[in-house]
Amino acid sequence: MDLMTIQDSLLDNRKIAAVMCKKNATYSNKAYACLVTCEISVLDMWIPVIIGIPYNWKLDLMDVYVEDKDNFPFIPHIDTKGKVCLFDLEGILIDPNLCGLLNQCIERAIHVISDGLTGKNRSDFLKEFDLYWCQLPGIRAIKFSVPHEKQMQIIHYAEKRGKQRSKESYAKYLQRTNRTGLFGTANHLDFTTWNILDTRKNGIYVYIQAKTYIMPPDARKKLGIDYINSLLCLADSHTFFSVVSKVGNDKVLLFEVRQPNNIKICIGVMIRNGIFSKTEDDKIYVKSYSILQPLSVRRVDKKYLMSRTSDECNILQAKKYLMIGCGSIGGYVLNEMVKSGCEDITLVDSDLLKEENVFRHLLGIEYVDEYKAEALTNYFGKNISGIRLKPLDGEIENLVYDGDVDLSDYDIIISAVGNNNVNRWLNGYLCENALEISVIYAWNEPLDIGCHVAYIRISHEGCYECFFGRDYKTQELYDMTAYCERGQQITKNLSGCGGSFIPYGSTVSLKSAMMSIDLLKKVVSGRCVENVLISVKGEGYYYEKAGLKTSDVFKNQSESILTVKGNEFVNINCGICGSCYGI
């Protein structure tokens, strides 16, 4: 890195003056390949800055610091170290031209500072409120599951204090543990879900709908009680004093504030030995306290966590689902369902998870010899909050006939059982009983040659039975969607009678699961107005290597993914749906 080249490049820029360069220097506890001290021109003022060029500048860009950070106005995009936030590196392409990049970063710093001093970007305080709050001195973190009910209420929290160390004074112990995290929620079950075993205490959730904008406090200074009082005066005093009596000496207050532009912020404080009172106009304020500690809120409620997915809203949450088959496909489908927002799911499977299943199943050795439906329920119960899974260890036909399952209770059925006979029974039962329920069927072909997903509703043209035809010579029933040539031995057997299985890997099950979820979202959002069969054609390498032959269906499919609508696959000889359409 040539210092003279850097210095000459900066001196050529009329917005930069008093340039001094130093190689291999440190600033703000960070080592730089080059440190530049200079002044930049902003709004006819010369502002002293320090520019750090990192060793890996092709990946990290440059850092620009305002030198007199403590006396500089509190404006957006400048942190407590004086560092100017230049670019969001997520998705940005960095041009490996050192001098050009350096001048570009300086130009961006001038723009950010100018907008801040003129108030042009003041609204950015609202968009990035949490970033400034998190920089407050003495900040402590709390994971918090924000309640669904937007009203002031008692919440419960636990401090992860741990034990006092040997020869550690109590004062040192308190100082150390005051930096550890907390966990808070209005739902006691969340403590089990998140494995929180520490002593629980009461706190207060305060919901505020602000009429004027609330800006973050200056993060370079200690949080003042006046700021907290400015929030409390917006809360309902009658409700507050009815709940504060249930809280101990250490008052944890967690605020959710809805700004006038509907942006929501979530912040918290711990007020040790806090005593509250009311003003003459019935406003709440803190009368006395010993310690005021800001809390950085890390939300863990499902609604917030789901906001990180691609869905604008959780369209899947309100439906009731029946999952038939909890094997390789079913496990992966269920995994995507609960992570897409599905909450109420009944699981049906009569099989145990065996050792030979683990290399193509979502679950591993920990759950071997458990019923698959119960194992998946236990797994997701420990790892995903806010779901209601009901396992049923049996065959769907028996559960229906015995009254344990009423198919009419469900909005959508997903059949991942991979058994044509079970699927045909389900299809026939729905048609015979005129049950208008959307069904998604998913099944794999052997040796990863392909997979299929179908959406069937009895009021639409075509049904699952339409996928089957009869050989006009032998009168044998066969699957017209199959990629395998008829008459071949496909199943394998490693353990004698009763141990037969169809060989395929977990990757094809993942494909089936992804197609199932995509189809499910289309169905729930009303974008699936007719029955459909989606067939994904695999490479066929391992299939052909095993000496097996492909069907004409496989050979004639030119697309890797083929979509066939119900009016195209409807079978005029179907004994199930044919009479419904006058065929």
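All of these numbers come straight from a predicted model, not from anything done at the bench.

Rules of the game
Residues numbered from 1 in each chain as written. Predicted model: local features only at pLDDT ≥ 70, side-chain atom pairs only at ≥ 80, totals over all residues. Heavy atoms only, no water. Helix = DSSP H or I, 4+ residues; strand = E, 2+ residues; numbered from the N terminus. Rg over C-alpha atoms; globule rule 2.2 N^0.38 Å. Buried < 20%, exposed > 50% of the residue type's maximum accessible area, 1.4 Å probe, protein only. Contact = heavy atoms within 4.5 Å. Lys, Arg positive; Asp, Glu negative; His and termini not counted. Charge placed at Lys NZ, Arg CZ, Asp CG, Glu CD. Polar contact = N/O pair within 3.5 Å; in protein donor to acceptor, adjacent residues only side chain to side chain. Salt bridge = Lys/Arg side-chain N within 4 Å of Asp/Glu carboxyl O. Expected span 1.5 Å × (residues − 1). Disulfide = S-S within 2.5 Å. Pairing = 2+ DSSP bridges. Axes fitted to C-alpha atoms, helices over the stretch in contact; angles between N-to-C directions. Phe/Tyr/Trp six-rings, centres within 6.5 Å; stacked < 30°, edge-to-face > 60°. Lys NZ or Arg CZ within 6 Å of the ring centre and 35° of its normal. Core = buried A, V, L, I, M, F, W, Y, C linked by side-chain atoms within 4.5 Å.

J.: An account of the overall build of the protein chain is requested, with residue identities and associated values reported.
T.: When you go through the protein chain residue by residue, the secondary structure sums to 18 helices and 25 strands. In terms of overall dimensions, the protein chain is more spread out than a globule: its C-alpha atoms have a radius of gyration of 32 Å, far above the 25 Å expected for 583 residues. Projected onto its principal axes, the C-alpha positions of the protein chain cover 95 × 65 × 55 Å. Across the 583 residues of the protein chain, 49% fall into the buried class. Considering only contacts in the protein chain between residues 6 or more positions apart, those separated by 24 or more positions represent 65%. Once the 67 positive and 71 negative side-chain charges of the protein chain are each reduced to a mean point, those two points are 7 Å apart.

J.: Residues and numbers for the side chain of aspartate 471, please.
T.: Tracing the backbone through its elements, the reader meets aspartate 471 in the loop between strand S20 (468-470) and strand S21 (477-479). Note on aspartate 471: relative accessible area 18%, which makes it buried. Only 3.0 Å separates the side chain of aspartate 471 from the backbone nitrogen of threonine 474, close enough to count as a polar contact. Apart from the residues lying within four places of it in its own chain, the contact partners of aspartate 471 are Glu476, Tyr478 and Arg486.

J.: Please set out the pattern of salt bridges residue by residue, giving values where relevant.
T.: Going through the model one piece at a time under the given rule, you end up with 21 salt bridges. A salt bridge links lysine 201 to glutamate 159; its shortest N-O distance comes to 3.2 Å. Of this pair, lysine 201 sits in strand S8 (residues 200-209) while glutamate 159 sits in strand S6 (residues 153-159); the two residues are 42 residues apart in sequence, bridging distant segments of the chain. By relative accessible area, lysine 201 is classed as partly exposed at 34%. Overlapping salt bridges, with partners in common, bring together Arg140, Glu159, Lys201, Asp250 and Arg272 in one network.

J.: I'd love a proper account of helix H15 (residues 506-524), names of residues and values included.
T.: Taking 1.5 Å per residue as the helical rise, H15 with its 19 residues ought to reach 27 Å, and the 27 Å between its terminal C-alpha atoms agrees with that figure. Within H15 the residues assigned to the buried category are Val508, Ser509, Ser512, Ala513, Met515, Ser516, Ile517, Leu519, Leu520, Lys521, Val523 and Val524. Positioned one or two residues after H15, glycine 526 has a phi angle of 80°, which is positive.

J.: Before we move on, can you summarise the state of the cysteines with the specific residues and values?
T.: Between two cysteines, a covalent bond joining their sulfur atoms is known as a disulfide. Scanning the entire structure with this criterion turns up 0 disulfides. The closest cysteine sulfur to the non-disulfide-bonded cysteine 105 is located on cysteine 85, 11 Å from its own sulfur. Distance from the sulfur of cysteine 466, which forms no disulfide, to the nearest cysteine sulfur (cysteine 577) is 3.4 Å. Take cysteine 466: its relative accessible area is 1%, and that puts it in the buried class.

J.: Describe in detail the sheet that holds strand S4 (residues 63-66), supporting the description with residues and values.
T.: Backbone-to-backbone hydrogen bonds pair the strands of a sheet. The strands run either parallel or antiparallel. The sheet built from 4 strands is open, its strands ordered S1-S2-S3-S4 with antiparallel pairing. Every other strand in the sheet has two partners, leaving strand S1 (16-27) and S4 as the edge strands with one partner each. Strand-to-strand twist across the sheet, computed as the mean angle between neighbouring axes with direction ignored, equals 25°. Where S1 lies against strand S2 (residues 30-42), 9 bridges are found, and the strand directions are antiparallel. Following the sheet pairing, tyrosine 27 is matched in S2 by lysine 30. Of the strands in this sheet, S1, S2 and strand S3 (45-53) touch helix H1 (residues 3-11), which is tilted by about 150° from S1.

J.: With reference to specific residues and values, describe the packing of aromatic side chains.
T.: In this structure the tally under the stated criterion is 24 aromatic pairs. Ring geometry for phenylalanine 467 and phenylalanine 569: centres 4.8 Å apart, planes at 50°, overall tilted. One end of the pair, phenylalanine 467, is in the loop between strand S19 (450-456) and S20; the other, phenylalanine 569, is in helix H18 (residues 566-569), with 102 residues separating them in the sequence. With respect to burial, phenylalanine 467 and phenylalanine 569 carry one shared label: buried. Among the aromatic residues, those joined into a ring-pair cluster are Tyr441, Trp443, Tyr464, Phe467, Phe468 and Phe569. One cation-aromatic arrangement involves arginine 424 over phenylalanine 468; the distance from NZ or CZ to the ring centre is 5.6 Å.

J.: How would you explain the sheet that holds strand S10 (residues 264-272) if you had to name every residue and give the values?
T.: If you walk around this closed barrel you meet the 7 strands as S5-S7-S6-S8-S9-S10-S13, and the pairing is mixed. Taking each pair of neighbouring strands and ignoring which way they run, the sheet shows an average axis angle of 30°. Looking at chain direction, strand S5 (residues 140-145) and strand S7 (residues 182-185) are connected through 4 bridges and run parallel. Considered in S7, the bridge of lysine 143 is made with phenylalanine 183. Strands in contact with helix H8 (residues 225-232) are S8, strand S9 (250-258), S10 and strand S13 (291-299); relative to S9, the strand with the most contacts, it is inclined by about 60°.

J.: Let's hear about the nonpolar core: which residues, and what values?
T.: By size, the foremost hydrophobic cluster in this structure holds 43 residues, and its most contacted members are Tyr321, Met323, Leu334, Met337, Ile345 and Leu520. Looking at which element gives the most residues to this core, the answer is H15, with 8 residues. Once residues lying within four places of it in the same chain are set aside, the contact partners of leucine 520 are Leu316, Tyr321, Met337, Cys342, Ile412 and Ile440. If you look at the next biggest cluster of nonpolar residues, it comprises 36 residues, including Tyr410, Val422, Ala454 and Cys463.

J.: Which residues make up the environment of cysteine 233, and what values do they have?
T.: Positionally, cysteine 233 belongs in the loop between H8 and helix H9 (237-243). A C-alpha to C-alpha distance of 34 Å links cysteine 233 and lysine 83, two positions 150 residues apart in sequence. Setting aside chain neighbours within four positions, we find cysteine 233 in contact with Lys283 and Ile284.

J.: Provide a residue-level description of unusual backbone geometry, including the pertinent values.
T.: With a phi close to 55°, asparagine 273 is a non-glycine residue in the positive phi region. With respect to the helices, strands and loops of the structure, asparagine 273 is situated in the loop between S10 and strand S11 (275-278). You can call asparagine 273 partly exposed: its relative accessible area is 42%. For alanine 434, which is not glycine, the phi dihedral falls at a positive 50°.

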